[in-house]
Amino acid sequence: MSVPPPSTDAVELAPAIDIFPSAPIAPVSPLIFSGFLEHLGRCIYGGILPSARTTFPHTPRAPCPDAQFTETAPELLTPDGFRTDVLAVLRDELRVPLVRWPGGNFVSTYNWKDGIGPREARRRRPELAWGGEESNLFGTDEARFIAWCRVAKIEPYVVLNMGTGTLEDALHWIEYCNGTGDTYYANLRRQNTGRDEPHNVRYWGLGNEVWGEWQVGQQTASAYATKARQWAHAIRLVDPNVILVGCGETGVNHWDGVVLDALVDKVDMHSIHLYTGFGPRDRSQTEREYGRAVYGPDAAEYSIEVCKGLINKARFARNVSKPIKIAFDEYGVWDETVGTPQNGLEQFYNLADALAMASWLNVFVRQADVVDIACIAQSVNVISPLITSTYRSPTGLFRQTIFWPLYLFSRYMRGGTAVQLSVKSPTFAGETLPQWVSSVKGPPSDLDASAVLGVDAETGRRSLRVAVVNRSEDRSYDVPIRIAFESTTQEVEVHELWHADVWARNGWGNENEVCVKTRTERWEGRWTFREHSVTLLVMSL
């Protein structure tokens, strides 16, 4: 009697989600909802500040023609000259806790001294990272970055120039921001701001992407590690209370291992940068673009897991007892052929991009034990959730599709404790970007989820918040959701981001084409997640 060979067909798992509220991962850091401002396109000039006749893509020698320019109305600006609409969204809706500045690639040629003192005396410079010119009107001083952070209730995170900058420049900048003594740069700050108190900038980054060949001042890993170790030692002599972030790559590279081995006892965090939707592929294969867009954040989770191992390996070798966290201080959805230096990296997003953004945030929640900071690149206009009107009609903004996952997670996943969960799901067999996601980490699941246990500080009442992204382009899933050792109330609060057209996007005239819809439903222990949707369930325990 012959025995038939085993089947080689993949067995599709019946979808199910099991959540374990009694198995905490770690508190969710509020800093995973942080932002990023760079001197690029209309991020600052036209985003944080109103447009001027010389705002990108214009210059003093080629200003915007009078007939095409409308001055921003004073009632749309704060007394310090900041756009109130952008400020309100970042502060009150997204509640951004920390912002990284001034770059980004820009910082590798930035001289901070060009951005202080009387504005009429500031030097206009060629901008080498992205092209164009930099006016330096937005600098460290009052009525600019630090003042904006105060009004926005945001913690400043400043990146140091390790390209053309010197250690002396860095020490002077830290003294200028944080010095309390009767010293030259502390007194210069007092002179420029009219205030005695320091800026108290706690977070400082040791360079940006120093490993990149596009970077001014690119270095090898060993050269950077030697230099950064010297800088870290000297910086703590000026201010021993700073939080230093070492410059990592993607978390899985040779650079990361070398730098961590050398710096783990000198820094508090290690940075990672990664974008989804980015990289070379055959763009004529349009039918593959959906999968390339939405499953990419699985690469970020793998990067975090590998980087966590590299951190602990380095801690062991140098006998470092304190935890070293990850600062994922540049992430986002970016197609480099759409958002280009020529258009100021302005990219308009669709629902597929919003699914990717929600999966990014799920990754950060699941990795709450090691990810302390995550900065979306960037906060306004530049590959951003917010687009402001231009100099032609400077009267408003619209929220892109990727705004809504940020809004939901910031509102409902902040302040709680990430808990363990198990997701059974059919997997995606198509092409991912990067391609190694499916081959190294394994085929990505259609269902992507995270869960947070929240406790009301006043009443002590507990609630469970479950974020689920159904990344399947065309399949809905009816999913049992089992909550271990807990009972829930009979109602569930439902927040859903969905549109029949996965390529739908928001814009002028259809600002809310893709937005969150909220309702209350009876809870029966299972939920049907529509195809290409983001759903956040809130239930009382």
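This is a predicted model, so every value here is computed, not measured.

Draft legend 1. The sheet that holds strand β21 (residues 533-540), seen in detail. The strand order across the open sheet built from nine strands is β19-β18-β21-β16-β15-β14-β1-β17-β20, with neighbouring strands paired in mixed fashion. At either end of the open sheet lies a strand with only one pairing partner, and these are β19 (516-522) and β20 (526-529). Direction aside, neighbouring strands of the sheet carry axes that sit 25 degrees apart on average. Examined bridge by bridge, strand β18 (residues 491-497) and β19 share seven bridges and lie antiparallel to one another. Residue glutamate 493 lies in a different strand from β19, and its bridge partner there is threonine 520. Taken strand by strand, helix α10 (residues 403-412) contacts β15 (447-455), β16 (462-470), β18, β19 and β21, and its axis lies near 150 degrees from that of β18.

Draft legend 2. Broad picture of unusual backbone geometry. Of note, the amide linkage connecting glycine 103 to glycine 104 takes the cis form, showing an omega dihedral of 15 degrees. Between alanine 377 and glutamine 378 the backbone carries a cis peptide bond, its omega angle lying at -10 degrees. Phi angles above zero are rare outside glycine, and lysine 153 is one such case at about 60 degrees.

Draft legend 3. Highlighting helix α8 (residues 297-318). For α8, spanning 22 residues, the distance from its first C-alpha to its last is 32 Å, which sits close to the expected 32 Å at 1.5 Å a residue. Looking only at α8, the buried set comprises Pro297, Asp298, Ala299, Ala300, Glu301, Ser303, Ile304, Cys307, Ile311, Ala314 and Arg315. Once α8 ends, the next one or two residues include asparagine 319, with phi positive near 55 degrees.

Draft legend 4. Inspection of the sheet that holds strand β9 (residues 269-276) at higher detail. Across the sheet, which stays open at both edges, the eight strands sit in the order β2-β3-β6-β7-β8-β9-β10-β11 with parallel pairing between neighbours. Of all the strands in the sheet, the pair left with one neighbour each is β2 (35-36) and β11 (371-376). In terms of strand pairing, β9 meets strand β10 (residues 325-333) through seven bridges, oriented parallel. By the bridge assignment for β10, tyrosine 275 is matched with glycine 332. Each of β9, β10 and β11 is contacted by helix α9 (residues 351-366), which is oriented at about 175 degrees to β10, the strand it contacts most.

Draft legend 5. Structural view of the nonpolar core. Trp148 and Phe364 are the most contacted members of the largest nonpolar core, which totals 145 residues. If one sorts the elements of this core by residue count, α9 sits on top with twelve residues. Core analysis: the next-biggest nonpolar cluster, separate from the first, contains 22 residues, Val419, Leu453, Leu464 and Trp523 among them.

Draft legend 6. How the structure looks around the packing of helix α3 (residues 167-178) against helix α4 (residues 184-193). Look at α3 against α4: their axes get within 7 Å of each other, and the N-to-C directions meet at 50 degrees. With respect to each other, α3 and α4 are oriented oblique. Remark: the crossing between α3 and α4 carries right-handed chirality. Facing His172, Glu175, Tyr176, Cys177 and Asn178 of α3, the residues of α4 in contact are Tyr184, Tyr185, Ala186, Leu188, Arg189 and Asn192. Classifying every residue of the contact of α3 with α4 by side-chain character gives six nonpolar, three polar and two charged.

Draft legend 7. Structural detail: the environment of histidine 199. Its place among the elements puts histidine 199 in the loop between α4 and β7 (203-205). Its relative accessible area of 9% is what places histidine 199 among the buried residues. Measuring from C-alpha to C-alpha, the distance between histidine 199 and asparagine 178 comes to 5.7 Å, with 21 residues separating the pair along the chain. Other than its neighbours up to four places away in sequence, histidine 199 contacts Thr140, Glu142, Ile146, Arg150, Tyr176, Cys177, Asn178, Arg189 and Thr193. Within the structure, the side chain of histidine 199 is placed 3.5 Å from the side chain of arginine 150, a separation counted as a polar contact.

Draft legend 8. Main features of the packing of aromatic side chains. Applying the stated criterion across every chain, the model contains 31 aromatic pairs. Ring geometry for phenylalanine 138 against phenylalanine 145: centres 6.4 Å apart, planes inclined by 65 degrees, an arrangement best described as edge-to-face. For phenylalanine 138, a relative accessible area of 0% translates into the label buried. Classification of phenylalanine 145 by relative accessible area gives buried; the value is 0%. Three or more aromatic residues joined by ring pairs make a cluster, and in this case those are Trp101, Phe106, Tyr110, Trp112, Phe138, Phe145, Trp173, Tyr176, Tyr184, Tyr185 and Trp204. Taking the ring centre of tryptophan 498 as reference, the NZ or CZ of arginine 530 above it sits at 3.7 Å.

Draft legend 9. Representation of the confidence of the model for the chain within the structure. Mean pLDDT over the chain stands at 94; residues scoring 70 or higher make up 97%. Confidence drops under a pLDDT of 50 for residues 1-10, and excluding neighbours within four residues, the segment shows zero contacts in the predicted structure.

Draft legend 10. Molecular detail of the packing of helix α6 (residues 254-263) against α8. Look at α6 against α8: their axes get within 8 Å of each other, and the N-to-C directions meet at 30 degrees. In terms of orientation, α6 and α8 fall into the roughly parallel class. For the pair α6 and α8, the sense of crossing is right-handed. Contact residues: Asp256, Gly257, Leu260, Asp261 and Ala262 in α6; Cys307, Leu310, Ile311, Lys313, Ala314 and Arg318 in α8. Class assignment of the residues belonging to the contact of α6 with α8 gives a composition of six nonpolar, one polar and four charged.

Draft legend 11. Main features of the side chain of arginine 190. Inspection of the secondary structure puts arginine 190 in helix α4. Not counting residues within four places of it along the chain, the set of residues in contact with arginine 190 comprises Gly179, Thr180, Gly181, Arg195 and Asp196.

Draft legend 12. Geometry of the side chain of glutamate 346. Structurally, glutamate 346 is set in the loop between β10 and α9. Residue classification places glutamate 346 among the buried residues on the basis of a relative accessible area of 15%. Among the polar contacts made by the side chain of glutamate 346, one reaches the side chain of arginine 42 at a distance of 2.7 Å. The residues contacting glutamate 346, other than those within four sequence positions of it, are Arg42, Val338, Gly339, Asn381 and Ile387.

What counts, and where the lines are drawn
Residues numbered from 1 in each chain as written. Predicted model: local features only at pLDDT ≥ 70, side-chain atom pairs only at ≥ 80, totals over all residues. Heavy atoms only, no water. Pairing = 2+ DSSP bridges. Helix = DSSP H or I, 4+ residues; strand = E, 2+ residues; numbered from the N terminus. Axes fitted to C-alpha atoms, helices over the stretch in contact; angles between N-to-C directions. Contact = heavy atoms within 4.5 Å. Expected span 1.5 Å × (residues − 1). Buried < 20%, exposed > 50% of the residue type's maximum accessible area, 1.4 Å probe, protein only. Core = buried A, V, L, I, M, F, W, Y, C linked by side-chain atoms within 4.5 Å. Parallel < 35°, antiparallel > 145°, perpendicular 65-115°, else oblique. Left-handed = near helix turned anticlockwise from the far one by under 90°. Nonpolar A, V, L, I, M, F, W, Y, C, P; charged D, E, K, R; others polar. Polar contact = N/O pair within 3.5 Å; in protein donor to acceptor, adjacent residues only side chain to side chain. Phe/Tyr/Trp six-rings, centres within 6.5 Å; stacked < 30°, edge-to-face > 60°. Lys NZ or Arg CZ within 6 Å of the ring centre and 35° of its normal. pLDDT = per-residue confidence, 0-100.

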